[in-house]
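An overview of the molecular structure
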Amino acid sequence: MSQKNQTLGEFIIENQTSFKYTSGELSRLINSIRLAAKVVNHEVNKAGLVDIIGAYGDTNIQGEEQQKLDVYANEKFIQTLTNRNIVCGIASEEEDDFITINSQDENNQNKYVVLIDPLDGSSNIDVNVSVGTIFSVYRRVTPIGTPVTIDDFLQKGNQQVAAGYIIYGTSTMLVYTTGVGVNGFTLNPAIGTFYLSHPDMKFPKDGKIYSVNEGNYIHFPQGIKDYIKYCQMEEGNRPYTSRYIGSLVSDFHRNMIKGGIYIYPSTSKNPNGKLRLLYECNPMAFIAEQANGKASDGFTRILDIQPTELHQRVPFICGSKSMVEKAEEFMQQVTVST
Ligand code: AHM
Ligand code: MG
């Protein structure tokens, strides 16, 4: 029986039998993420003290400038995941192509692939605002013992076996699901241990917070413009409150606790929005659904979208179920009437 103040290590051991593929492998995988999270957390917390922030002088595949801590986090997560003979492939926001891992185990039994955004919202680092790590885990679909292929990564989100995020905020938390609810663990930095602080997290069915970059308003689809106006209208429990950190993990986390909706829609400039399906939207959608929330692109459930590319983008509407359904209604009304 999970209880508050249980350590993450204890929780993993106690709950590994509830995972449908009962083996210790997934537990070891979560354990390695826990370790990398602590290492990255240590570095993120030092960001203001040492000369580690600032541009690294390189650009990633999306043409965005990488920050030093992005590179650091990417290396640490890859290193930690590679060292444990569990993962056979990794895809990362910071890597153009997926990485094949040759197991040191001579039978090469590694079954899992991990997709990761090592440091999301990294433009927030140099102004001391929360950033996060997002991860998504699948079982490979190609035969065990052979090198991974792109098919192992281009799986629908509904095939995820685990997903989670780490939020480096006022405190550091690891929140994850293996398909049986969502649990949140807070790091006690004095002793380096994560404790279960938020058992069985759930989105309130409805909420009062909407999170969207309204600076892009004129480029939004009509359905989203109409929904935003609806949020602002004085009626019932509205107007809602607008809160946008610009760090998906932090905006999502707050909305899950308080009730709210996060929107990154398509825009006239970026028809598929900004966020990446495989290592941003799918893991957040899996967590949202496991917490009674909902995630869609306005028309289709995020978890049912067939990916076609590693770094694919998708419009993203995610949060309290009633709010997402309302936003979808507005999107679909416009399609019907045009
Ligand atoms: P990143 O992966 O380059 O950090 O971009 C993802 C981030 C999200 O965390 C955040 O919600 C969004 O980009 C903010 O974008 P914008 O500044 O366009 O509103
Ligand atoms: Mg990102």
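Quick note: structure is the one above.
Residues numbered from 1 in each chain as written. Chains lettered and ligands numbered in written order. Predicted model: local features only at pLDDT ≥ 70, side-chain atom pairs only at ≥ 80, totals over all residues. Heavy atoms only, no water.

Per the secondary structure count, the protein includes eight helices and 15 strands. Computed over its C-alpha atoms, the radius of gyration of the protein comes to 19 Å, within 12% of the 20 Å expected for a compact globule of 338 residues. Along the first, second and third principal axes, the C-alpha set of the protein runs to 60 × 45 × 40 Å. The buried share among the 338 residues of the protein stands at 55%. Once local pairs closer than 6 in sequence are excluded, the contacts in the protein between residues at least 24 apart make up 66%. (Helix = DSSP H or I, 4+ residues; strand = E, 2+ residues; numbered from the N terminus. Rg over C-alpha atoms; globule rule 2.2 N^0.38 Å. Buried < 20%, exposed > 50% of the residue type's maximum accessible area, 1.4 Å probe, protein only. Contact = heavy atoms within 4.5 Å.)

Before going further, it helps to examine the environment of Glu 10. Relative to the helices and strands, Glu 10 is located in helix H1 (residues 8–15). Exposure remark for Glu 10: the relative accessible area of 44% places this residue in the partly exposed category. For the pair Glu 10 and Tyr 195, spaced 185 residues apart in the sequence, the C-alpha separation amounts to 9.3 Å.

Quick look at the pattern of salt bridges now. In total, this model carries twelve salt bridges according to the counting rule given. Taking the shortest distance from any N to any O, the salt bridge between Lys 294 and Glu 325 comes out at 3.7 Å. With Lys 294 in strand E14 (residues 294–296) and Glu 325 in helix H8 (residues 321–337), the pair connects residues that are 31 residues apart, well separated along the chain. On the accessibility criterion, Lys 294 (22% relative accessible area) is partly exposed. Across the pair Lys 326 and Glu 329 runs a salt bridge, and its minimum N-O distance is 3.1 Å. (Salt bridge = Lys/Arg side-chain N within 4 Å of Asp/Glu carboxyl O.)

This next bit is on a nonpolar patch on the surface. Together, Val 127, Val 129 and Ile 245 make up a nonpolar patch on the protein surface, roughly 210 Å² of accessible area in all. With respect to the helices, strands and loops of the structure, Val 127 is situated in the loop between strand E5 (112–120) and strand E6 (131–139). (Patch = residues over 30% accessible without salt bridge, like charges linked within 9 Å, V, L, I, M, F, W, Y side chains within 5 Å. Areas by Shrake-Rupley, 256 points an atom, 1.4 Å probe, with all protein chains shown as cover.)

Attention now moves to the site of ligand 1. Around ligand 1 sit 17 residues in total, of which Asp 120, Tyr 244, Leu 248, Tyr 262 and Tyr 264 are the nearest. A distance of 2.9 Å is found between an oxygen atom of ligand 1 and a side-chain nitrogen or oxygen belonging to Lys 274. Within the side chain of Arg 276, a nitrogen or oxygen atom sits 3.5 Å from an oxygen atom of ligand 1. When ligand 1 is considered free in solution it has 470 Å² of accessible area, and contact with the protein chains removes 84% of it. Elements represented by at least two residues in the shell around ligand 1 include exactly E5 and strand E13 (260–264). For the shell around ligand 1, a count of residues per class yields five nonpolar, five polar and seven charged. Viewed by domain, the shell around ligand 1 spans two of them, domain 1 (8–198) and domain 2 (209–337), each represented by three or more residues. (Near = heavy atom within 4 Å. Polar contact = N/O pair within 3.5 Å; in protein donor to acceptor, adjacent residues only side chain to side chain. Nonpolar A, V, L, I, M, F, W, Y, C, P; charged D, E, K, R; others polar. Domains from an automatic or database assignment.)

The next subject is the side chain of Lys 111. With respect to the secondary-structure elements, Lys 111 resides in the loop between strand E4 (99–100) and E5. Residues contacting Lys 111, with those up to four places away along its chain left out, are Glu 25, Ile 86, Cys 88, Tyr 138, Arg 139, Arg 140 and Ile 144.

Turning to unusual backbone geometry, a few remarks are in order. The peptide bond linking Arg 238 to Pro 239 adopts the cis configuration, its omega dihedral lying at 10°. Position of Pro 239 relative to the elements: it lies in the loop between helix H5 (222–232) and strand E12 (241–242). Phi at Asn 85 is positive, roughly 55°, even though this residue is not glycine. Among the secondary structure elements, Asn 85 is positioned in the loop between helix H3 (68–82) and strand E3 (87–92).

Moving on to the packing of H1 against helix H2 (residues 25–45). The geometry of H1 relative to H2 is characterised by a closest axis approach of 10 Å and an angle of 165° between their N-to-C directions. When the axes of H1 and H2 are compared, the pair comes out roughly antiparallel. Handedness of the H1/H2 crossing: right-handed. Residues Leu 8, Gly 9 and Ile 12 of H1 lie in contact with H2, whose contacting residues are Ser 27, Ile 30, Asn 31 and Arg 34. (Axes fitted to C-alpha atoms, helices over the stretch in contact; angles between N-to-C directions. Parallel < 35°, antiparallel > 145°, perpendicular 65-115°, else oblique. Left-handed = near helix turned anticlockwise from the far one by under 90°.)

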